[in-house]
Amino acid sequence: MDALPPSADRGGPAQPLLRLDGLVKHFPLKGGLLGRTQAVVRAVDGVGFDVRKGETLGIVGESGCGKSTTARLLMRLLDPDSGTMVFDGEAVGGNAQSGGLPLRAYRRQVQMVFQDSYASLNPRLPIEDSVAFAPKVHGLGNAEAVRRARDMLAAVGLAPANFARRYPHELSGGQRQRVNIARALALRPRLVILDEPVSALDKSVEAQVLNLLVDLKEEFGLTYVFISHDLNVVQYISDRVLVMYLGEVTEIGPVERIYERPAHPYTAALLASRPSMDPSNRRTAPPLTGDPPNPVNPPSGCRFRTRCPHAEAVCAERKPIMADLGVGHAAACHIANPGSGHSLAEKVAA
Amino acid sequence: MSLVKLRDLRVTFRTRDRTVHAVNGVDLDLAAGETLCILGESGSGKSVTLRALMRLLPRFAEVQGTVEVAGQDVTRMSESALTDLRGRDVAMIFQEPMTAMDPVFTIGQQIAETVRRHERVSRADAEARALELLELVQIPSAKRRLAAYPHELSGGLRQRAMIAVALACRPKLLLADEPTTALDATVQIQVLLLLRELQQRFNMGVIFVTHDLGVAGEIADRVAVMYAGRVVEEGPVSGLMSGPLHPYAQGLLGATVHPGMRGKRLTTIPGAPPALDKEPTACAFAPRCDRAHEPCLADVPSLREPVAGRRARCVLVPDQTAWCVSEALSPAP
Ligand SMILES: Nc1ncnc2c1ncn2[C@@H]1O[C@H](COP(=O)(O)OP(=O)(O)OP(=O)(O)O)[C@@H](O)[C@H]1O
Ligand SMILES: Nc1ncnc2c1ncn2[C@@H]1O[C@H](COP(=O)(O)OP(=O)(O)OP(=O)(O)O)[C@@H](O)[C@H]1O
Ligand SMILES: [Mg+2]
Ligand SMILES: [Mg+2]
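Here's a quick rundown of the structure. (Residues numbered from 1 in each chain as written. Chains lettered and ligands numbered in written order. Predicted model: local features only at pLDDT ≥ 70, side-chain atom pairs only at ≥ 80, totals over all residues. Heavy atoms only, no water.)

**Focus: the site of ligand 2**
Residue and element names in this part refer to chain B.
- Lining the immediate environment of ligand 2, one finds 14 residues, of which Ser42, Gly43, Lys46, Ser47 and Val48 sit closest.
- Contact between ligand 2 and Ser44: an oxygen atom at 3.2 Å from a main-chain N or O atom of the residue.
- In isolation ligand 2 exposes 640 Å². Once the protein is present, 67% of that is buried.
- Residue assignment for the shell around ligand 2 shows that the elements contributing at least two residues are β2 (19-30) and α1 (46-53).
- Among the elements that line the shell around ligand 2, the one with the most residues is α1, at three residues.
- Residue classes in the shell around ligand 2 are distributed as six nonpolar, five polar and three charged. (Near = heavy atom within 4 Å. Polar contact = N/O pair within 3.5 Å; in protein donor to acceptor, adjacent residues only side chain to side chain. Areas by Shrake-Rupley, 256 points an atom, 1.4 Å probe, with all protein chains shown as cover. Helix = DSSP H or I, 4+ residues; strand = E, 2+ residues; numbered from the N terminus. Nonpolar A, V, L, I, M, F, W, Y, C, P; charged D, E, K, R; others polar.)

Here it is, written out as structure tokens:
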């Protein structure tokens, strides 16, 4: 009998595994003589989306747009200032009185893998003990936790006989990242959040880890949230893609649709910034100029308007709502919204 | 005359604890106005090769071989000649601009200072040049940015400011060590296009280290692929990207995720690069190569020219024309 079995599905396949609504996280910026809060960084500013059961949801966007903060909110390493999270039908963070899912039970079902494979492992523990740690904390006996750890190391392709007693410094970067994946899977989570899991790896190793992630997803019936700045990798691994800009969701949809027919000008520019991979057909002009604005003081209305080639008066006046474009595709742009008052919107509608 | 000439460059780091044979016989040439990309895995010796060109390696590094820049032998230069060379004829930019810039001086002061170190110009002229350079690298509101400190700029602007410092004295040779790796896709393409434009405008030679094939595709004329301290393949970028000769270069290309690979299993290179505590005496890639056989282990393969203008260090590559080579080398079905 398994002492720490994977949690059972509750609401059936149609119910989102995780549903986020209006998540906000602002970081105070302290300054001045008394260390008073001078301003806030609007790192995540009203983010809502669903994570569907069994999918891989890719998240892309420029540095500082709030991807990692969103990930840490999903993991509840950070508490949101406001907003709700519902996991398989249960409100996250409930208690006996209010009902819902207590944080401890939630954390067992959601695990995370970080970019920096070295910093996230204890250098003084053999890797087997690092992997066995969480199962022990969650009540598994010592021998059983070690057995679980060895199974997980085997599952990520690190033969326990050869690797279990090694220390992190005795491993390559790719091997360390496998240990981190084994550790994340040791609690049999349902949702795994991967924040730039292959960004620090060489291409040849990156391919190994991506293949492994695809296999493990199948084997353990996992759901992934996959954050990366590599747009080709996101296209390869994701079923749906979420695009963020300055703390907000700008576009979400099926991967083929987003990559073939992006509806938001920011998504289009981001995708057009990929190197061409064809030396005889090089990029001639950068799709976007300038850097992203400061998240302390974001532009009014549409936050992308300061860099958008199609910006008009309406873009400064009103924040665009998410326009439903069918097939699960939605974009927060006045152009995609007939009747928004943007001159291009009418043409799209016609 | 070539701008850079490396012959049998060898760099060994020997300390009490360990020895690393970081570079094991690298030959490279760069013509004026040409852009060469050095590709390769982490630890393959890319940065060490680049630093050897400016003699920026630590004192205990053992360096052998010929290192010539603009006809001068860098290995025999006096310290003062080296100071003249750095910044004036050769400039370098890095992945992390903060390490290359002085946090206590403004961007304007740093550029003006670099100009005055190498040229006899008045302070006012040097400052005027600083403004010109910030405009050249397309920093918005350049005049105001002259008074900014490095930490006050975003990553992309800082990288541009470092390029401005590097170009202050119109160097003949620009060495770039992964200058766009830490940048967003949208900013990376801006900086790459800027570098390409400046390179053409000033007819600079550029050596650009990257592990990103796409970056090489955007800016390189030629590419050198390094493995375990040696160049294993070298030639025009189009040839490498459409049909690499060396099995490692083929593996690298196959493992790089391209658009349109969804649902397909990625090709991987099994194993890991060798520890370089000893100098490899055979093909260093053989342990990971599925086509390795006896001759691969007999000796270090020589760098041959199996296709005109392209060189590869592999006994398996037959001397043939380009279109035959890719067929001869494609794995048996
Ligand atoms: N603990 C914190 N205190 C203050 N500001 C923070 C904190 N964590 C993040 N921020 C700020 O919040 C914003 C969003 O950061 P976040 O790390 O989520 O971005 P990201 O999209 O993951 O970027 P990257 O691609 O660079 O990893 C940034 O402006 C960042 O500086
Ligand atoms: N100062 C040093 N002392 C000792 N060893 C060094 C030193 N600098 C580099 N090395 C070693 O030399 C080898 C080549 O390093 P190098 O920095 O050239 O790699 P690289 O190809 O630039 O890799 P990366 O892609 O990770 O930057 C590595 O094994 C490295 O550990
Ligand atoms: Mg992040
Ligand atoms: Mg390097």
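Now that the structure is up, let's keep going.
**Thoughts on the site of ligand 1**
Residue and element names in this part refer to chain A.
- Near ligand 1, the surroundings consist of 13 residues, among which Ser63, Gly64, Lys67, Ser68 and Thr69 are the closest.
- Between an oxygen atom of ligand 1 and a main-chain N or O atom of Gly64, the distance comes to 2.7 Å.
- One nitrogen or oxygen atom from the main chain of Cys65 is found 3.3 Å from an oxygen atom belonging to ligand 1.
- Relative to its unbound accessible area of 640 Å², ligand 1 is 64% covered by the protein chains.
- Tallying contributions element by element places helix α1 (residues 67-74) first for the shell around ligand 1, with four residues.
- In terms of residue class, the shell around ligand 1 is built from five nonpolar, five polar and three charged.

**Points about the layout of surface pockets**
Residue and element names in this part refer to chain B.
- When its volume is computed, the second largest pocket comes out at roughly 700 Å³.
- Around the second largest pocket, the lining is made up of 27 residues, and of these Ala100, Gln110, Thr114, Arg117 and Val165 lie nearest the centre.
- Mapped onto the lining of the second largest pocket, the elements with two or more residues apiece are α2 (79-88), β6 (90-93), α4 (107-118), α5 (123-136) and α7 (155-166).
- The element best represented in the lining of the second largest pocket is α4, accounting for eight residues.
- Class assignment for the residues of the lining of the second largest pocket results in 14 nonpolar, six polar and seven charged. (1 Å grid on protein atoms, 1.4 Å probe; cavity = no way out; pocket = protein on both sides within 12 Å on 5 of 7 lines; lining within 4 Å. Points joined across faces, edges and corners; volume = space filled by probe spheres on them.)

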